[in-house]
Amino acid sequence: MSDATRPTSSAAAHDSHNAVVTGQFGPQASAYLTSANHAQGADLEQLAAIARAHPNAQVLDLGCGAGHVSFFTAPFAARVVAYDLSADMLGVVAGEAAKRGLSNIETQLGAAESLPFDDATFDLVFSRYSAHHWADVGAALREMRRVLKPGGRVVICDVASTGQPLFDTYLQAVEVLRDTSHVRDYAVGEWLTMAANAGFSVASLTPRTLDLDFKTWTSRMRTPEPMQVAIRALQTAMADDVRRHFRIQDDGSFTLDTVTLEFVAG
């Protein structure tokens, strides 16, 4: 292979990580369709309200997973493109969309950092619980900016770090133990910096919390038993401040901080 055709180390690293993501989520696609944490929530209602306020929009559901954002927003949109790295997830979305009679949902395979769409294609770009798996969030935000129409909106919902080092160390550790495709839960300040660098300003910022049942949380991802044991050991070993902040219970269930960020082109 010549230097001209050899992948860059960054591109090769992204490809390697993307293979981990698809390996993790493909076998669990149906579990995410029926997951209560993913199928409902105030953040989904917020996305539906934004879609309702922009009738007949062209919508991109970026990192769509099992398609819940697509299902909530399709009744108000002209077209929804459910976009994901996992072909298995997209198969679940297509099947469920057909069952629900949502004929304006279409699926497209690909990575968040390289969108196969023309400039100024979409009125709304939504992403929910996907960004912490992306290898390069800055590149993904720049791509969102490129495919967004003038006056359009980007809305991202994800788990959020507090930015406090002790809490952040614990959060990233349990996330990657549970799911090796995890990259990072970003703090709000990190999001604001990355968004500004991509040409966005913030229209709204909504913090929330998410309650997680330990058994359901690990079963959905088929977390190996040794990893589950490690998470429980870490929960027990951490300082009281950590256990209080994340509301860690005796069975390992806990609470995460989340944020919904609404961006507009700056």
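In what follows, the structure referred to is the one given above.
The structure contained in this document is the topic of the report that follows. Bear in mind that the values here come from a model prediction, so they are computed numbers and not experimental data.

## As for unusual backbone geometry
Next, step 1: Phi at Tyr129 is positive, roughly 55°, even though this residue is not glycine.
Next, step 2: Tracing the backbone shows Tyr129 in the loop between β4 (122–128) and α7 (137–147).
Next, step 3: Since its relative accessible area comes to 14%, Tyr129 is described here as buried.
Next, step 4: In this structure, Arg222 takes a positive phi of about 55° despite not being glycine.

## Thoughts on the pairing of strand β5 (residues 148–159)
Next, step 1: Of the strand pairs in this sheet, β4 and β5 are connected by six bridges, and their pairing is parallel. Its bridge partner lying in β5, Ser127 is registered against Ile156.
Next, step 2: The pairing of β5 with strand β7 (residues 254–265) spans seven bridges and is classified as antiparallel. Paired with Ile156 across the two strands is Leu261, which belongs to β7.

## Side note on the nonpolar core
Next, step 1: In terms of nonpolar packing, the biggest core is built from 29 residues, with Leu60, Leu62, Val125, Leu141, Met144, Trp191 and Phe200 touching the most fellow members.
Next, step 2: Of all the elements in the fold, those that place two or more residues in this core are β1 (57–62), β2 (77–84), β4, α7, β5, α9 (188–197) and β7.
Next, step 3: Sort the elements by how many residues they give to this core and α7 lands first, with five residues.
Next, step 4: Not counting chain neighbours up to four residues away, the residues in contact with Phe200 comprise Leu141, Met144, Arg145, Leu148, Val154, Ala195, Phe263, Val264, Ala265 and Gly266.

Parameters at a glance
Residues numbered from 1 in each chain as written. Predicted model: local features only at pLDDT ≥ 70, side-chain atom pairs only at ≥ 80, totals over all residues. Heavy atoms only, no water. Helix = DSSP H or I, 4+ residues; strand = E, 2+ residues; numbered from the N terminus. Buried < 20%, exposed > 50% of the residue type's maximum accessible area, 1.4 Å probe, protein only. Pairing = 2+ DSSP bridges. Core = buried A, V, L, I, M, F, W, Y, C linked by side-chain atoms within 4.5 Å. Contact = heavy atoms within 4.5 Å.

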